[in-house]
Amino acid sequence: MPLTSHRRLVVSATLIAALAAGVAPATSASAAAPHAPAVPKTADTAPAPDMEGVVAALNAAMANGAPGAMARFSGPGGVQSRAVGVRDRVNGTPMDVRSRFRIGSVSKTFSTVVLLQLVQEGRLTLDSPVDTYLPGLLPDDRITVRHLLTHRSGLADYTDPMFANTVPGFESVRNRVFGYQELVDLSLALPRTTEPGVSYKYSNANFVVVGMLIEKLTGRPVADAYQRRIFKPLKLRDTSYVHPETRIAGRHVRGYLYPDAAGDPLVDSTEQTVSWAQSAGAVISSPADLNTFTKALMRGRLLSPAMMDAMTTVTPTDATNTRFYGLGLRRYDLSCGAQVYGHTGTVQGFYTYAFSTRDGKRSLSAMANSSNRGAVNTALGGTLEAAFCGKKPAAATASRADRDFSSLPAERDLPERR
């Protein structure tokens, strides 16, 4: 199939139904022994990507309500891109893999890389209390830097009440500019979710504090740290930290937010400050740049071997034995035995997946331009199985079918009401 960002393909209703599972919250896992970085299959023996399966997943995302979706796979055989639907519902502009979009919580991996570089430079240590560097910020000096990066601090996620009513909550912060301290105060006003280090509980508050650490230790805004330490060295020309400006410059995808009530019209959520997230989710990028970033990270271009070992040492996030979290990094174990590292992203109007194999030889980035629609997020996750596991045998074994990642409800980076 020739490479194109505009080709629209139709898949059978059977394939769409198989990929379009409903969404449910991930179950918090209790404290467990960390999993050391495993040695995955090498790219030389890995199956070829199933691009028809990738398109099936993209079409499943559309069938569940996304105006459009796209994916870009990079591997030893070259780059293959697919796009379906539209990037602008008003003028019908076709989805284009050269376009930029909001990557939401994939930003957390960028923030982690910066902080781990500062660890390498001796400016902080992972197991020191956060209050060592930000005196008096947190009420519990047992909370360490590592707890922030692994979502084990117990700091409540202020986005839960903020977006309890999805569209009104979004509109109340769309143009608002928060200070970091305001966001921390919103979290501290809520009950703690766990004792420090005891269990995984995803919270955007953790990475707000990470942003504060970066700015305190560098004396510069996080935007400067991203630019000097990641964007410029990797030549990520389509990637930027945009805050508090509201517009996405250049060719970009428009995002659409589903209201909580069925039948209500979609809300164009493209333009916003994303000040409610900042270092937890305000980066803008493109599929090519995300591929470049995850590949470079896994190949050790941004961090030392010791830091990479720390980053990829993971603990479970739920009971499926397929989902894990390291330091600002997810690991997903796919049905074929492949392990991929990266992050998911949700910001109003956009779902994103950006993952790579541990050797950095294969990477996938995928995006659908809607949110608050869990079935879209779940369907988009099917691109991982297709890209990294290839075509399934005609008669897949029951054990593989049971562990098929695309049959699992997507993990949530923000509250989902639909």
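Residues numbered from 1 in each chain as written. Predicted model: local features only at pLDDT ≥ 70, side-chain atom pairs only at ≥ 80, totals over all residues. Heavy atoms only, no water.

**Here we look at the state of the cysteines**
Working step 1: Summed over all chains, the structure comprises 1 disulfide.
Working step 2: Between Cys 336 and Cys 389 runs a disulfide, and the two sulfur atoms are separated by 2.1 Å. Sign of the S-S torsion, about -75° for the bond between Cys 336 and Cys 389, identifies this disulfide as left-handed. You can see Cys 336 sitting in the loop between strand S11 (330-333) and strand S12 (339-347) and its partner Cys 389 sitting in helix H12 (residues 374-389), a full 53 residues away along the chain. With respect to class, Cys 336 is no different from Cys 389; both count as buried. (Disulfide = S-S within 2.5 Å. Helix = DSSP H or I, 4+ residues; strand = E, 2+ residues; numbered from the N terminus. Buried < 20%, exposed > 50% of the residue type's maximum accessible area, 1.4 Å probe, protein only.)

**Remarks on the packing of aromatic side chains**
Working step 1: Counted according to the given criterion, the structure contains 9 aromatic pairs.
Working step 2: Ring pairing ties together the aromatic residues Phe 110, Tyr 226, Phe 231, Tyr 241 and Phe 293, which thus form one cluster.
Working step 3: Here Arg 331 stacks its cationic end above the ring of Phe 324, 4.4 Å away from the centre of that ring. (Phe/Tyr/Trp six-rings, centres within 6.5 Å; stacked < 30°, edge-to-face > 60°. Lys NZ or Arg CZ within 6 Å of the ring centre and 35° of its normal.)

**What about the sheet that holds strand S7 (residues 267-268)?**
Working step 1: Strands sit in the order S7-S6-S15 across an open sheet of 3 strands; the sheet is mixed. Unpaired on one side and paired on the other, S7 and strand S15 (370-371) mark the two borders of the sheet. (Pairing = 2+ DSSP bridges.)

**A few points about unusual backbone geometry**
Glycine aside, residues mostly have negative phi angles, and peptide bonds mostly take the trans form.
Working step 1: A cis amide bond links His 243 with the next residue in sequence, Pro 244, at an omega value of 5°.
Working step 2: Counting through the fold element by element, Pro 244 comes out in the loop between strand S5 (240-241) and strand S6 (256-257).
Working step 3: Although it is not a glycine, Val 274 sits at a positive phi angle of roughly 55°.
Working step 4: Relative to the assigned elements, Val 274 resides in the loop between S7 and strand S8 (283-285).
Working step 5: The class for Val 274 is buried, based on a relative accessible area of 1%.
Working step 6: Although it is not a glycine, Asn 321 adopts a positive phi angle of roughly 60°.

**Some details on the nonpolar core**
Nonpolar side chains in soluble globular proteins generally cluster together in the buried interior.
Working step 1: Core analysis: the largest hydrophobic core is formed by 79 residues, its most contacted members being Phe 110, Trp 276 and Leu 297.
Working step 2: Residue contributions to this core peak at 8 residues, all from helix H8 (residues 204-218).
Working step 3: Discounting chain neighbours no more than four positions away, the residues touching Phe 110 are Ile 103, Tyr 226, Ile 230, Phe 231, Leu 236, Thr 239, Leu 290 and Phe 293.
Working step 4: Of all hydrophobic cores here, the second largest spans 31 residues; its members include Ala 61, Ala 71, Tyr 332 and Cys 336. (Core = buried A, V, L, I, M, F, W, Y, C linked by side-chain atoms within 4.5 Å. Contact = heavy atoms within 4.5 Å.)

**What about helix H7 (residues 180-188)?**
Working step 1: Those residues of H7 not exposed but buried are Tyr 180, Leu 183, Val 184 and Ser 187. Viewed along the axis of H7, the buried residues span an arc of 100°, placing them on a single side of the element.
Working step 2: Buried residues in H7 make contact with H8, helix H9 (222-234) and S5. (Arc of directions from axis to C-beta.)

**Concerning the pairing of strand S1 (residues 68-75)**
Working step 1: The buried fraction of S1 amounts to 8 of the 8 residues, a majority that puts the element mostly inside the structure.
Working step 2: Between S1 and strand S2 (residues 78-88), which pair antiparallel one after the other, the connecting turn spans 2 residues.
Working step 3: Strand direction decides the pairing type here: S1 and strand S14 (residues 363-368), joined by 6 bridges, are antiparallel. Each residue of the ladder has a partner; that of Ala 71, found in S14, is Ala 366.

**Quick look at the sheet that holds S14**
Working step 1: The 9 strands lie next to each other as S3-S2-S1-S14-S13-S12-S11-S10-S9, forming an open sheet whose pairing is antiparallel. Strand pairing shows two members of the sheet lacking a second neighbour, strand S3 (93-94) and strand S9 (315-316), which therefore form its edges.
Working step 2: Sitting on the sheet, helix H2 (residues 51-63) is in contact with S1, S2 and S14, with an inclination near 15° to S2.
Working step 3: Its contacts with the sheet put H12 on S1, S11, S12, strand S13 (350-357) and S14, and the angle it makes with S13 is roughly 20°. (Axes fitted to C-alpha atoms, helices over the stretch in contact; angles between N-to-C directions.)

**A closer look at the packing of H2 against H12**
Working step 1: Where H2 meets H12, the axes come as close as 8 Å, and the angle between the chain directions of the two elements is 180°. One way to sum up the angle between H2 and H12 is to call them roughly antiparallel. The segment H2 lies against H12, with Gly 53, Val 54, Ala 57, Leu 58, Ala 60 and Ala 61 engaging Val 376, Ala 379, Leu 380, Gly 382, Thr 383, Ala 386 and Ala 387.
Working step 2: Within the contact of H2 with H12, the residues separate by chemical class into 10 nonpolar, 3 polar and no charged. (Parallel < 35°, antiparallel > 145°, perpendicular 65-115°, else oblique. Nonpolar A, V, L, I, M, F, W, Y, C, P; charged D, E, K, R; others polar.)

**Some points on H9**
Working step 1: For H9, with 13 residues, the first-to-last C-alpha span of 17 Å sits near the 18 Å given by 1.5 Å per residue.
Working step 2: The axis of H9 is deflected most strongly, by about 35°, at Arg 228.
Working step 3: Listed as buried for H9 are Val 222, Asp 224, Ala 225, Tyr 226, Arg 229, Ile 230, Phe 231 and Leu 234.
Working step 4: Positive phi appears at Lys 235, one or two residues downstream of H9, with a value of about 55°. (Expected span 1.5 Å × (residues − 1). Bend = angle between axes of the 7 residues up to and from the residue.)

**Quick word on a positive patch on the surface**
Working step 1: Together, Lys 235, Arg 237, Arg 299, Arg 301 and Lys 361 make up a positively charged patch on the protein surface.
Working step 2: With respect to the secondary-structure elements, Lys 235 resides in the loop between H9 and S5.
Working step 3: Of the residues examined, Lys 235 reaches a relative accessible area of 57% and is grouped as exposed. (Patch = residues over 30% accessible without salt bridge, like charges linked within 9 Å, V, L, I, M, F, W, Y side chains within 5 Å. Areas by Shrake-Rupley, 256 points an atom, 1.4 Å probe, with all protein chains shown as cover. Salt bridge = Lys/Arg side-chain N within 4 Å of Asp/Glu carboxyl O. Lys, Arg positive; Asp, Glu negative; His and termini not counted. Charge placed at Lys NZ, Arg CZ, Asp CG, Glu CD.)

**Brief notes about the pattern of salt bridges**
Working step 1: Counted according to the given criterion, the structure contains 20 salt bridges.
Working step 2: Ionic pairing is found between Arg 192 and Asp 140, a salt bridge with its closest N-O pair at 2.6 Å. Here the residue Arg 192 occupies a position in the loop between H7 and H8, and Asp 140 occupies one in the loop between helix H3 (107-120) and helix H4 (145-149), the gap between them amounting to 52 residues.
Working step 3: Asp 268 is the salt-bridge partner of Arg 254, the closest N and O atoms lying 2.7 Å from each other. Here Asp 268 lies in strand S7 and Arg 254 lies in the loop between S5 and S6, a separation of 14 residues in the sequence.

Purely geometric numbers; function is a separate question.
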